[in-house]
Number of protein chains: 2
Amino acid sequence: MMSKRVGIREVAAAAGVSVTTVSHSLSGGGQLSDATRERVKSVAEGLNYTPNRLASGLRSKRSQIIGFVSDEISTTPYAGRVLLGAQEAAAANDQVLMIVNTNSNDRLENRGIDALLQHSVDGIIYARMYHQAVQLPEALAGVPTVLLDAYTDRLDLSSVVPDEEGAARTAMAHLLAAGHRRIGYLGNIDDIPATHGRLAGYRAALAEHGIAFDESLVTVSESMTAPGRAAASRMLAQPDRPTALFCFNDRIAMGAYQAAQLAGLAIPNDLSIVSIDNFEVLADALLPGLTSIALPHYEMGRWAVERLAAELAGEADAAPQQIQMPCPLVLRQSVGPPPH
Amino acid sequence: MMSKRVGIREVAAAAGVSVTTVSHSLSGGGQLSDATRERVKSVAEGLNYTPNRLASGLRSKRSQIIGFVSDEISTTPYAGRVLLGAQEAAAANDQVLMIVNTNSNDRLENRGIDALLQHSVDGIIYARMYHQAVQLPEALAGVPTVLLDAYTDRLDLSSVVPDEEGAARTAMAHLLAAGHRRIGYLGNIDDIPATHGRLAGYRAALAEHGIAFDESLVTVSESMTAPGRAAASRMLAQPDRPTALFCFNDRIAMGAYQAAQLAGLAIPNDLSIVSIDNFEVLADALLPGLTSIALPHYEMGRWAVERLAAELAGEADAAPQQIQMPCPLVLRQSVGPPPH
DNA sequence: CTGTTAGCGCCTTCAG
DNA sequence: CTGAAGGCGCTAACAG
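A. Structural detail: the side chain of Ser120(A). Mapped onto the elements, Ser120(A) comes out in the loop between α6 (106-118) and β3 (123-133). Of the residues examined, Ser120(A) reaches a relative accessible area of 12% and is grouped as buried. Those residues within four positions of Ser120(A) in sequence are excluded, and the remaining contacts are Ser63(A), Arg5(B), Asn52(B) and Leu54(B).

Laid out in C-alpha cells, this is it:
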C-alpha cells in the first residue's frame, strides 16, 4: 500500500533518464524536448506514479493546501455552499482545503490557525458565516489571507461580502414593479452590516420612486420566526396597512406568513412578500413559495480561493480587492399586484 | 515569515543539546531525564518553536491529516454538524481535516481521493449525507477508512449510521404515551434504509401495544413539504381520521401542518404530530413548535474520527465496529392528548 | 537538452 | 541517558 508507492526514482530508472528529467517533465519546468517529456509522462502513468506532496511541499515551500478557518461551520445552513464553492475552486487549482472551526473562541482559533501553519498551508481563507467586521488574529500576520463574508479596515487584504444594499434594492424593485407603493419593512435589530445595508437599500429604493419614507412602515425585531410573526402582526393591524412586506430574511418572512394567516390575509392576493436569504428549505416549503433574494454563498467561496490563488501566484492583477457580490432574485409565488 | 521559522536545530543549539534530544523531548520518546526534557521544552517554547508537519510526516509516515470525503457537502443542512463533530474530534487528537467533495460523481471522487492520498492522509472518513449503502471505491483499497452515515457488507470496515428503527419507536412511544391509538404514518417513498427502518419501527411500536396495523393509516410520498401536504390532506379527510401523525421527516411534517390548517384542525388540540430530523430552522419556526427526533449528526462525525484514530493507533479494542446510533427525542409543542 | 548534487526539517537506528 | 549520521521523496541550482 502506502509504503510501496513508486517514486520519481523508479520512474527515472524505467524511462532511462535522470530524476531531474522526470521532475521537469512532470512539473512542466526545465527545457526538455517534447518527446522525452511525453515519454516520461507515459512511463510515470504506466507505473502508476503519484507525487508525494509532503516531499514536494517540504522542498518547494508550497504545500498546495489552503487553510479554511471559520467561526461556525455548523450553525448555519449556508456554510455548506460556501465550503462547496471554496472546495471546487481549490480542486480546479490542484489545491486542497484543510478546515478548522473556531466556535468563535479565541483560544480554539489560535490553536486551529497554528495547526494549519504547522502543516504549511500556502494561505488562509478567514471566513465568517454571516457578514461582519473582524479583526485579523495576530497569528495570521504575514500569512496570505483572504476574508470571506467578513471585512476589516485594512486595504492590503482581499475580502468578499454580499452587496446588502443592492440586495434590498433588488427586492424593492421587484415589489415596486408589481405596483406596490405602501411597502412595509420587517427589519433586524442586530448591529451588523446586513441590518444597516438592507435598511439603506429600502430607503434608497423608495426615494428613487419618489415615495416618502414612513416610519410606521418599519419595524425591527430579532431575525427569527416568532419575533417576525409578532412584528408582522403589529404592522398588519395598522389602519392603512401595507400591501407588501419586504423582510430582512426568510425566517422573519415565515413569521410574516403566519401573521398573514392569523389576520386572514392571503398571499399574494392580499399581501405580497419578498425577503432575503433564499433559504430553500423554507422558501420552497412555504405556501405559496417565497420569492427571495439569494446570498451568493457558493460564489463567495469560489471567489475567495480564486483570489487567494491569484495572490499566491503573484499575478499581475493580484492587488488586493475588497468586493461586494451581487445578490440575485429568486422568483416564487409570494408576489402579486396590490389588492383592489 | 514562513521561511524564518525556528527549527529543531535552533532549539538544540539554544538548549545546548543535540537535535536528537530535542526530538525526543518534544515527542515524548527516548530515555531522557525529566530535567532535560522539561528544559528543552521550555527553551522550545521560548523560541516559539513550531514543528514542521510536512517534514515530520515525510519522515515518520504519519501526516496527522484525516481525509474527509463526502458526496454533498452542501445540499443538506446537516452536513455542518457532521463536519463539526469530525473536526472537533480530530483537533482533540492533534489531527486536522482535509476535505473533498465528490458531487456524487465517480470521476470527481477518484480525483479527490487521489489528492488526499498524495497528501499522505493517515486515513479517510468516507461520508454520505444521508444514510445509505455504498460501495467503497477501488482507490481506497488498503487505506484505513471508516464509513459515516453509510455502510457496506464488508465487516472489516467500521461504520456508523443512525438507528432508524429505534428513532421511529421513540417517536411512536411518545405518541402512545400521550394516549393516542389511531396514529397515521406519513412515510417516504425512496428505497433507502430510513424508509424501511422507520416503517418497521412504526409497525413494531404498534405491535408492542397490541394495536392492529391499519393500511389506511399509512401513506408514502416524496419527503418534501408539498407532497407531505397532499398525503396528510388525504389522510385527514378519512372518516375515522387519526388523532396523531408520525412523519418521516420535518419537511413532510411541515406539509402536515399546512394540511391541518387547511382542514381547520389545531395542533396539538385536534391533531398531534411527531417527526424525525429535528431540523431546527423548521421545527422551531413552525407554530406550534414541532416535536421531533434528532439524528445524531454531530455524534456520528465525532465517532467516525475517534474510531479511525483508534484503528490507526492500533489500539487493543480497535476491531472494526458497525454501529447504529440512538436518536434522541426533542420535545416541543406539537403533541398533546387525543381530542375528546 | 540532460544529469549530478545538495539539501528541505525532521525522525530514528545505532553507538557511545 | 545522549549524540552522530543517514535518509524520507522531491526540487533546484549548477554543470556538462
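So that's the structure; there's more coming.
B. View of the nonpolar core. Counting 98 residues, the largest nonpolar core has Leu245(A), Phe246(A), Ile273(A), Leu245(B), Phe246(B) and Ile273(B) as its most contacted members. Among all residues touching Phe246(B), those that are not within four sequence positions of it are Ala168(B), Ala171(B), Met172(B), Leu175(B), Ile183(B), Gly184(B), Tyr185(B), Leu186(B), Arg198(B), Tyr202(B), Val274(B) and Ile276(B). Counting residues in each nonpolar core, the second largest holds 47 residues, with Val160(A), Met129(B), Val146(B) and Leu312(B) among its members.

C. The side chain of Ser334(B), seen in detail. Residues and elements named next belong to chain B. Turning to its location among the elements, Ser 334 is positioned in the segment after β12 (329-330). Given the relative accessible area of 0%, Ser 334 is considered buried. A polar contact is formed between the side chain of Ser 334 and the backbone oxygen of Ile 273, at a distance of 2.6 Å. When neighbours within four sequence positions are excluded, Ser 334 is seen to be in contact with Tyr 257, Ile 267, Pro 268, Leu 271, Ser 272, Ile 273, Pro 288, Gly 289, Leu 290 and Thr 291.

D. Structural context of the protein's contact with DNA strand D. Around DNA strand D, a shell composed of 22 residues is seen, among which Ile8(A), Arg59(A), Thr20(B), Thr21(B) and Arg59(B) lie nearest. In DNA strand D, atoms within 4 Å of the protein come from the sugar-phosphate backbone in 62% of cases. Between DNA strand D and the protein, one listed contact pairs a phosphate oxygen with a backbone N or O atom of Asn52(A) at 3.3 Å. Taking Thr36(B), its side chain carries an N or O atom lying 3.1 Å from a phosphate oxygen of DNA strand D. Sorting the residues of the surface near DNA strand D by element identifies α1 (8-15), α2 (19-27) and α4 (53-60) of chain A together with α2 (19-27) and α4 (53-60) of chain B as the ones contributing at least two each. Here the surface near DNA strand D takes three residues from α4(A), the largest share from any one element. Partitioned by chemical class, the residues of the surface near DNA strand D number seven nonpolar, 11 polar and four charged.

E. Here's a closer look at the pattern of salt bridges. Scanning all chains against the criterion turns up 26 salt bridges over all chains. Two residues, Arg182(B) and Asp214(B), come together in a salt bridge whose shortest N-O distance is 3.8 Å. Linking Arg182(B) in the loop between α7 (164-177) and β6 (183-188) with Asp214(B) in the loop between α8 (193-208) and β7 (218-221), this pair joins segments that are 32 residues apart in sequence. Through salt bridges with shared partners, a single network forms among Asp71(A), Glu109(A) and Arg128(A).

Each value, and the rule that gives it
- Residues numbered from 1 in each chain as written.
- Chains lettered and ligands numbered in written order.
- Predicted model: local features only at pLDDT ≥ 70, side-chain atom pairs only at ≥ 80, totals over all residues.
- Heavy atoms only, no water.
- Helix = DSSP H or I, 4+ residues; strand = E, 2+ residues; numbered from the N terminus.
- Buried < 20%, exposed > 50% of the residue type's maximum accessible area, 1.4 Å probe, protein only.
- Contact = heavy atoms within 4.5 Å.
- Core = buried A, V, L, I, M, F, W, Y, C linked by side-chain atoms within 4.5 Å.
- Polar contact = N/O pair within 3.5 Å; in protein donor to acceptor, adjacent residues only side chain to side chain.
- Near = heavy atom within 4 Å.
- Nonpolar A, V, L, I, M, F, W, Y, C, P; charged D, E, K, R; others polar.
- Salt bridge = Lys/Arg side-chain N within 4 Å of Asp/Glu carboxyl O.

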